[in-house]
Amino acid sequence: MTVPKLEGMGRKFYTLDEVAEALAISMSQMRALIKRGEIEGIQIGGRGQWRIEDAKLEEYIERMYEEQRRERRE
């Protein structure tokens, strides 16, 4: 998945499709993560299309790793 960085902004945004593909989950699972607030996203434009910032995706992944580590210690 290649998404160009916006010049000078230093941020990358992904569509829900791109994030779902990267996490190997379905779109319904992706929408559920958004709805439950597990992954933070923003709605852009008149149609309210969702975008996930690369940093928010990384935060989610790190949280999932940390949860797994905690579960293994218990």
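Residues numbered from 1 in each chain as written. Predicted model: local features only at pLDDT ≥ 70, side-chain atom pairs only at ≥ 80, totals over all residues. Heavy atoms only, no water.

Within helix 1 (residues 16-23), burial applies to Leu16, Val19 and Ala20. Viewed along the axis of helix 1, the buried residues span an arc of 100°, placing them on a single side of the element. Within helix 1, the exposed residues directed more than 90 degrees away from the buried face are Asp17 and Glu21. Those residues of helix 1 hidden inside the fold are in contact with strand 1 (13-15), helix 2 (27-35), strand 3 (49-53) and helix 3 (54-73). (Buried < 20%, exposed > 50% of the residue type's maximum accessible area, 1.4 Å probe, protein only. Helix = DSSP H or I, 4+ residues; strand = E, 2+ residues; numbered from the N terminus. Arc of directions from axis to C-beta. Contact = heavy atoms within 4.5 Å.)

Time to look at helix 2. Here helix 2 has its buried residues at Met30, Leu33 and Ile34. All buried residues of helix 2 lie within an arc of 100° about the axis, which places them on one face of the element. Away from its buried face, by an angle of more than 90 degrees, helix 2 presents the exposed residues Ser28 and Lys35. Just downstream of helix 2, Gly37 is the residue with a positive phi angle, here 80°.

The sheet built from three strands is open, its strands ordered 1-3-2 with antiparallel pairing. On the outer flanks of this sheet lie strand 1 and strand 2 (42-44), each paired with one strand and no other. On average, each strand axis in the sheet is tilted by 45° relative to the strand beside it, whichever way the strands run. Pairing geometry for strand 2 and strand 3, over three bridges, is antiparallel. Following the sheet pairing, Ile44 is matched in strand 3 by Gln49. Docked against the sheet, helix 1 engages strand 1 and strand 3, running at close to 85° with respect to strand 1. (Pairing = 2+ DSSP bridges. Axes fitted to C-alpha atoms, helices over the stretch in contact; angles between N-to-C directions.)

For the pair helix 1 and helix 2, interaxial distance at closest approach is 9 Å and the crossing angle is 105°. The orientation of helix 1 relative to helix 2 falls into the category roughly perpendicular. Packed against helix 1, whose contacting residues are Leu16, Asp17, Val19 and Ala20, the element helix 2 presents Met27, Met30, Arg31 and Ile34 at the interface. Class assignment of the residues belonging to the contact of helix 1 with helix 2 gives a composition of six nonpolar, no polar and two charged. (Parallel < 35°, antiparallel > 145°, perpendicular 65-115°, else oblique. Nonpolar A, V, L, I, M, F, W, Y, C, P; charged D, E, K, R; others polar.)

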